[in-house]
Amino acid sequence: MRHFLTTEGMDRTELEDLLDEADAFSEVLTRPIPKVPALRGKTVATMFFEPSTRTRMSFEKAAKALSADTMSFSPSTSSLSKGESLKDTALTVRAMGVDLMVVRHKETGAPWRLAEWLDIPIVNGGDGAHQHPTQALLDCLTIRQRFGSLDGLEIAIVGDIRHSRVARSDIFAMATLGASVTLVGPRTLLPIDPEAWPVTISHDLDAVLDRLDVVYLLRVQTERGGGSVFPSLPEYTERYGMTDRRFARLKSDAIVLHPGPMNRGVEISHDVADHERALILQQVTNGVAARMAVLFQLLGGDHDA
Amino acid sequence: MRPVMTEDDLARATRRIAHEIVERNHGLEDVLILGIPTRGKPFADRIAVALSEIEGRTIVAGSLDIGMYRDDLDTRPRTRIGPTEIPEPLDGKVVILADDVLFTGRTIRAALDALADIGRPAAVQLAVVVDRGHRQLPIRADYVGKNIPTAATEHVAVRFSEIDDEDGVWMMNGGDS
Amino acid sequence: MLDLIITGGEVLTEDGPAFTNVGVENGTVTAIGDNLGDAAVTIDADGAWVGPGFVDLHTHLREPGQEWKEDIGSGSAAAAAGGYTAIVAMPNTDPVIDSGHLARFVSDRGKQVGIVDVLPSGCLTMGRAGKTMAHIDELWEAGVRLFTDDGDAVGDASVLRLVMEYVAQYGGVVSQHAVDPSLSRAGHMHEGSVSSRLGMYGIPSEADDVVIARDLALARLTGVHYHVQHLSTAGGVALVAGAKAEGMPVTAEVTPHHLMFSHADVASTDSNFKMMPPLRSESDREALIAGLESGIIDAVATDHAPHAALEKEVPFEDAPNGVLGLEWAASVVTTMTGLGITEFFERMSIAPARILGRSDHGQHVAQGSDANLVVYRPDLEWTPTTSVSRSRNAPYFGRALTGAPVATVLRGVVTWERA
């Protein structure tokens, strides 16, 4: 594997190998010295053209836990505002001696362009509404730690799937690992042609609740709400929110996941967010281990050998 | 490809090593066995079974993966990481590392680095099925199943039925598969 | 001695295709037959097709104002290399061609370069702003016969209706970039299964169809000759078929890239597949090929749209729309369709010239006709790797094509020959 750009098209073995390695790196993170020398001397650059503190910090922690050095680039403090093109920015950073780049960009396909222009591995930290593959990895890791395997699990992804790169990455990873994925949301927030996807569709969360093992809540992008894509936030919460009442109807071992940041009171109730079967913080911890596995796979070896 | 240890040879060597461990450490108080995946783990498990018979109580071996500590990552296309399971805290214990073949010594160096990041053992000893010479570092084994002098181009393969189709040790020339 | 002889070709004569020789003197075809004697220049067609040079109804030459992408010189070179003897320059330059003197600038510059006839088109509205009529009289005096605001559809139907009436009185052609602005504003590619996977906003086929339907209704009202630019949807083809069945003076063009590619090719987010209207579904593509083969679509027009590398080597959504086309349009037609010699020249040369009302291009090869010719080998297998345009934004590099021009002749002078 030369780059880590998308979960679409990954086969089951590739995904499971990564998850197995992520488990091993989870163990490393519990040691008194939570650090291994595997990527000593390598430099990992995080190029985040869209603001994100949490994902960037997670990647930096992962790189440092592998003893790599890190460099970070963000557009507000950069020459991009002086009109430098993306290509020139990337080539300049590469010329400083960078071994891998993690890229987040608001436009679909930007990491693929970097992979064409540069000769180093690229990790997609999120491109437009297209893919966020390391998120899918940490989500599947969390589910697997809880249930042993994703085979046969009933997973519902609830919310604004149409504009979500997290949803797209998760759908393909979860389906490949054997889960049964249902997308739940109003029609305007579901993909335009869901029949072409490995999912079932529902506009009624209450109808599917009882059989779910995992409820994956997407953040409602409040900038979108109120009149153009769905009528209003309170109506959204009423129909699709994980309220206390809905949580009580879930199976006793069902879990709730969320990619963060949460809108407490909108897609998830305050009490559910803090419940011990809402594994949001575990997702974050697993994020570091998952990203360590990706960095180790891409940099911990001679890919020309 | 020719056999250098049969299934019985392997079993006898394992039992002998178990007795040597008990003798050297005056019992098994504060002794912890860790196998280095892949084939160090079944070896460690078999030593643990033998020790359990000797001591009359259950001894369990752990595992210590060293993939993240190798010094040759840049020359290998793909390194798989296996599980690390340490059954008890290491501090103050005698850790006995178990591996199938002792060759250049670099795997054991990586294991010593890994142990140092996990805890502070009182002492570290090494048990191997085969010592084939050609050390590149000042490392030696405390318990050896069989010393087999080899040419550098030859290959020694230890097989455990837990993972492979059979038990035993074989040797082949560089060109053999 | 003749100026030029083309020997051994399959010639599109007034009586149909015939294997014969063509002799040219003083810019005119003076002889057709065997044993024509000597000539200063001889081209051995060796079984290739010989017919009227191609006429492109839709080229962006970028001069005046955007010469870093292309200019009339480099664009003419690309045209000649593609077998073209006449090209219609689109008016969305900087400044736009909404007045007579600007149209004259373009045609004079073309004559100065002298390797292809550059025919200026004019805007429908001043500044392409969609509000007031362009200087139609001046433009007509300057030789403009086709009017379009290309790049934007005229939004206000009452403005469009008035311009249509004014152009109709001259017998000119009104042409529209038929894509609805509000349905296409946020989109960068066809709205469908690929845009859904990519998480990109798309432009539904209906964005084209609503404008075509509206314009056809206004064309019916005004009687103007209405020409649909770059058809991309099956729905659009059906609308044109319906208008023709009524007997309306409606014509239509299709680009080579819409014949060859679909939205599946956009999955790579390579900006060499980004254009407006976008590449649509496989069934749309098949409808376009069927429409071209049956004649519902009258002509192939390249929509040759050069952009510099620095503009295209960016993330997909940032890239400007458009790809090159002049050098490979004919090759794409013989690769993707089953058109024989007669329909091939009808779509590439004869119909476009007829739409423009020109008798000096797009004529069957006959005694006395202008010697604007192309020699085209329909079975030549080749793979384009470069371009003579100033820009390089093309989806064809590395693609195997069947068919290629081997020589282009403008008024008896060879303007280009395959090496």
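All of the points below concern the structure found in this document.

Criteria and thresholds
- Residues numbered from 1 in each chain as written.
- Chains lettered and ligands numbered in written order.
- Predicted model: local features only at pLDDT ≥ 70, side-chain atom pairs only at ≥ 80, totals over all residues.
- Heavy atoms only, no water.
- Helix = DSSP H or I, 4+ residues; strand = E, 2+ residues; numbered from the N terminus.
- Rg over C-alpha atoms; globule rule 2.2 N^0.38 Å.
- Contact = heavy atoms within 4.5 Å.
- Lys, Arg positive; Asp, Glu negative; His and termini not counted.
- Charge placed at Lys NZ, Arg CZ, Asp CG, Glu CD.
- Buried < 20%, exposed > 50% of the residue type's maximum accessible area, 1.4 Å probe, protein only.
- Areas by Shrake-Rupley, 256 points an atom, 1.4 Å probe, with all protein chains shown as cover.
- Buried area = accessible area lost by both parts, 1.4 Å probe.
- Salt bridge = Lys/Arg side-chain N within 4 Å of Asp/Glu carboxyl O.
- Polar contact = N/O pair within 3.5 Å; in protein donor to acceptor, adjacent residues only side chain to side chain.
- Nonpolar A, V, L, I, M, F, W, Y, C, P; charged D, E, K, R; others polar.
- Pairing = 2+ DSSP bridges.
- Axes fitted to C-alpha atoms, helices over the stretch in contact; angles between N-to-C directions.
- Left-handed = near helix turned anticlockwise from the far one by under 90°.
- Expected span 1.5 Å × (residues − 1).
- Arc of directions from axis to C-beta.
- Phe/Tyr/Trp six-rings, centres within 6.5 Å; stacked < 30°, edge-to-face > 60°.
- Lys NZ or Arg CZ within 6 Å of the ring centre and 35° of its normal.
- Right-handed = clockwise from strand over helix to strand, strands pointing away.
- Core = buried A, V, L, I, M, F, W, Y, C linked by side-chain atoms within 4.5 Å.

**Comments concerning the overall build of chain C**
Across its full length, chain C holds 13 helices and 18 strands. For 419 residues, the compact-globule formula gives about 22 Å, and the C-alpha radius of gyration of chain C, at 20 Å, lands near that figure. Reported as C-alpha extents along the three principal axes, the dimensions of chain C are approximately 65 × 45 × 45 Å. Counted over contacts in chain C with a minimum sequence separation of 6, partners at least 24 positions apart contribute 75%. Between the averaged position of the 27 positive side-chain charges in chain C and that of its 54 negative side-chain charges there is a distance of 5 Å.

**Looking at the overall build of chain A**
Across its full length, chain A carries 11 helices and 9 strands. The C-alpha extent of chain A, read off along each of the three principal axes, is 55 × 45 × 35 Å. Every one of the 305 residues in chain A was classed for burial, and the buried ones make up 59%. Considering only residue pairs separated by 6 or more positions, chain A has 73% of its internal contacts joining residues 24 or more positions apart. In the form shown here, chain A has an accessible surface area of approximately 11,500 Å², with 50% of it arising from carbon and sulfur atoms.

**What about the interface of chain A and chain B?**
Tallying the contact residues gives 22 residues for chain A and 17 residues for chain B. Together, the buried faces of chain A and chain B total about 1,700 Å²; carbon and sulfur atoms form 54% of this surface. The tally of links between chain A and chain B comes to 1 salt bridge. Measuring nitrogen to oxygen at the nearest pair gives 2.8 Å for the salt bridge that ties Asp17 of chain A to Arg80 of chain B. Along the contact surface separating chain A from chain B lie 5 residue pairs in polar contact (both at pLDDT 80 or more).

**Focus on the interface of chain A and chain C**
Facing the 21 residues of chain A at the interface are 17 residues of chain C. Both sides together, the interface formed by chain A and chain C hides about 1,700 Å², and carbon and sulfur atoms give 46% of it. Considering only the surface of chain A that becomes buried against chain C, Glu107, Thr108 and Arg113 of chain A emerge as the three largest contributors, covering 34% of it. Applying the counting rule to chain A against chain C returns 2 salt bridges. Among the salt bridges present, the one from Glu313 of chain C reaches Lys87 of chain A, with a minimum N-O distance of 2.6 Å. Counting the contacts that link chain A with chain C gives 13 residue pairs in polar contact (both at pLDDT 80 or more). Where the side of chain A that touches chain C is concerned, the elements lending two or more residues are helix H3 (86-95), helix H4 (110-117) and helix H6 (165-176) of chain A. Among the elements that line the side of chain A that touches chain C, the one with the most residues is H4 of chain A, at 3 residues. Split into classes, the residues belonging to the side of chain A that touches chain C amount to 9 nonpolar, 5 polar and 7 charged.

**Observations regarding the sheet that holds strand S3 (residues 100-105) of chain A**
Residues and elements named next belong to chain A. Pairing within the open sheet is parallel, and its 4 strands lie in the order S2-S1-S3-S4. Among the strands making up the open sheet, the edge pair consists of strand S2 (69-73) and strand S4 (122-127). When strand polarity is set aside, the average angle formed by the axes of neighbouring strands in this sheet is 15°. The sheet contact formed by strand S1 (residues 43-48) and S2 spans 5 bridges and is parallel. Residue pairing in the sheet places Met47 in a bridge with Phe73 of S2.

**What about the packing of helix H5 (residues 133-147) of chain A against helix H11 (residues 280-299) of chain A?**
Residue and element names in this part refer to chain A. Across the interface, H5 lies against H11 with an axial gap of 8 Å and an inter-helix angle of 120°. Between H5 and H11 the crossing geometry is right-handed. For the pair H5 and H11, contact is made by Thr134, Gln135, Leu137, Leu138, Asp139, Leu141, Thr142 and Gln145 and by Gln282, Gln283, Asn286, Gly287, Ala290, Arg291 and Val294, respectively. Residues that form the contact of H5 with H11 fall into these classes: 5 nonpolar, 8 polar and 2 charged.

**A look at helix H4 (residues 157-170) of chain C**
Residue and element names in this part refer to chain C. Look at H4: 20 Å from first C-alpha to last across 14 residues, which is about the 20 Å you get at 1.5 Å a residue. All buried positions along H4 are accounted for by Val159, Leu160, Val163, Met164 and Val167. Down the axis of H4, the buried set is contained in an arc of 130°. They therefore lie on one face. Those residues of H4 that are buried are in contact with helix H3 (136-141), strand S9 (146-147), strand S10 (173-176), helix H7 (206-222) and strand S13 (225-228).

**With respect to the packing of aromatic side chains**
Counted under the stated rule, the structure contains 21 aromatic pairs over all chains. An angle of 40° between the planes, with centres 5.6 Å apart, marks the rings of Tyr236 of chain A and Tyr240 of chain A as tilted. Of this pair, Tyr236 of chain A and Tyr240 of chain A both sit in helix H8 (residues 233-240), 4 residues apart, roughly one helical turn. The exposure class assigned to Tyr236 of chain A is buried, which follows from its relative accessible area of 3%. A relative accessible area of 4% places Tyr240 of chain A in the buried class. Members of the aromatic cluster, joined through ring pairs, are Trp49, Phe54, Tyr84, Phe344, Phe345 and Tyr376 of chain C. If you follow Arg291 of chain A out to its NZ or CZ, it ends over the ring of Phe59 of chain A, 4.8 Å from the centre.

**A word on the pairing of strand S14 (residues 250-254) of chain C**
Residues and elements named next belong to chain C. Along S14, 5 of the 5 residues are buried, which leaves the element largely enclosed by surrounding structure. Residues Val250, Ala252 and Val254 of S14 are buried on one face, and the alternating residues Thr251 and Glu253, pointing to the opposite face, are buried as well. As defined by bridge partners, S13 adjoins S14 across 3 bridges and the pair is classed as parallel. Of the residues in S14, the one forming a bridge with Tyr226 is Val250. Crossover S13 to S14 through helix H8 (residues 234-245) is right-handed. Relative to strand S15 (residues 299-300), S14 runs parallel, the two sharing 2 bridges.

**Regarding H4 of chain A**
Residues and elements named next belong to chain A. Along H4, 6 of the 8 residues are buried, which leaves the element largely enclosed by surrounding structure. For H4, every residue scored as buried is listed here: Ala110, Pro111, Arg113, Leu114, Ala115 and Trp117. Those residues of H4 that are buried lie in contact with H3, S3 and S4.

**A look at the nonpolar core**
Formed by 89 residues in total, the largest nonpolar core has its most connected members in Phe54, Tyr84, Leu231, Phe344, Phe345 and Met348 of chain C. Excluding residues that lie within four positions of it along the chain, Met348 of chain C makes contacts with Phe54, Val55, Tyr84, Val300, Ala329, Ala330 and Val333 of chain C.

**Re the environment of Ile115 of chain C**
For Ile115 of chain C, the location among the structural elements is in the loop between helix H2 (100-113) and strand S8 (117-120). Each residue touching Ile115 of chain C, except ones within four places of it in the same chain, is listed here: Ser76, Ala77, Ala80, Leu410 and Thr415 of chain C.

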